[in-house]
Amino acid sequence: MERACDPRIEKAILLCMEAFEGKVRIGPLPVPSSTHSISVGISLLKAGCEIDTVLGGFCHDMDEDTSVKIPRISEDLGER
């Protein structure tokens, strides 16, 4: 599972936590909004997806739901 060692995974998780800081998901229990994107990224990693797909999973809601936009994501994690 070499993909799990890619340093961009930790960067993506930290970026996700930063992007969704203070945001809470609506539901029976208040949980940080970042948990959804982190779960998607981990699920894609477990499924054996390519690293760029995994990183996309971590970041998939950032551009539309936070102030962290595509240019910042690309700068931190790469163009793909």
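Residues numbered from 1 in each chain as written. Predicted model: local features only at pLDDT ≥ 70, side-chain atom pairs only at ≥ 80, totals over all residues. Heavy atoms only, no water.

Draft legend 1. Here's a closer look at helix H3 (residues 51–59). Within H3, burial applies to Ile51, Val54, Leu55, Gly57, Phe58 and Cys59. Residues of H3 that are buried make contact with helix H1 (7–19), helix H2 (34–46), helix H4 (62–65) and helix H5 (70–77). (Buried < 20%, exposed > 50% of the residue type's maximum accessible area, 1.4 Å probe, protein only. Helix = DSSP H or I, 4+ residues; strand = E, 2+ residues; numbered from the N terminus. Contact = heavy atoms within 4.5 Å.)

Draft legend 2. Summary view of the layout of surface pockets. Estimates place the volume of the largest pocket at around 240 Å³. As for the largest pocket, its lining consists of 15 residues, of which Gly56, Cys59, Ile73, Gly78 and Arg80 are closest to the centre. Elements supplying a minimum of two residues to the lining of the largest pocket: H3, H4 and H5. Split into classes, the residues belonging to the lining of the largest pocket amount to six nonpolar, four polar and five charged. (1 Å grid on protein atoms, 1.4 Å probe; cavity = no way out; pocket = protein on both sides within 12 Å on 5 of 7 lines; lining within 4 Å. Points joined across faces, edges and corners; volume = space filled by probe spheres on them. Nonpolar A, V, L, I, M, F, W, Y, C, P; charged D, E, K, R; others polar.)

Draft legend 3. Examining the environment of Ser34 more closely. In this structure, Ser34 sits in helix H2. Ser34 gets classed as buried once you look at its relative accessible area, which sits at 9%. Separated by 21 residues in the primary sequence, Ser34 and Leu55 have C-alpha atoms spaced 14 Å apart. Once residues within four sequence positions are removed from consideration, Ser34 is found in contact with Cys16, Met17 and Phe20.

Draft legend 4. Region of the structure containing the nonpolar core. Leu15, Phe58, Cys59, Met62, Val68, Ile73 and Leu77 are the most contacted members of the largest nonpolar core, which totals 17 residues. Aside from chain neighbours lying at most four places away, what touches Phe58 is Ile9, Ala12, Ile13, Cys16, Ser37, Ile38, Gly41 and Ile42. (Core = buried A, V, L, I, M, F, W, Y, C linked by side-chain atoms within 4.5 Å.)

Draft legend 5. Expanded view of the pattern of salt bridges. Throughout the structure, instances matching the rule amount to five salt bridges. The salt bridge partner of Arg8 is Asp6, with a shortest N-O separation of 2.9 Å. Linked by salt bridges that have partners in common, Asp6, Arg8, Asp52 and Arg80 make up one network. (Salt bridge = Lys/Arg side-chain N within 4 Å of Asp/Glu carboxyl O.)

Draft legend 6. Molecular detail of the packing of H1 against H2. At a closest axis distance of 9 Å, the pairing of H1 and H2 adopts a crossing angle of 160 degrees. Relative to H2, H1 is oriented roughly antiparallel. Crossing of H1 over H2 shows right-handed handedness. For the pair H1 and H2, contact is made by Ile9, Ile13, Cys16 and Met17 and by Ser34, Ser37, Ile38 and Leu45, respectively. Among the residues forming the contact of H1 with H2, the class breakdown is six nonpolar, two polar and no charged. (Axes fitted to C-alpha atoms, helices over the stretch in contact; angles between N-to-C directions. Parallel < 35°, antiparallel > 145°, perpendicular 65-115°, else oblique. Left-handed = near helix turned anticlockwise from the far one by under 90°.)

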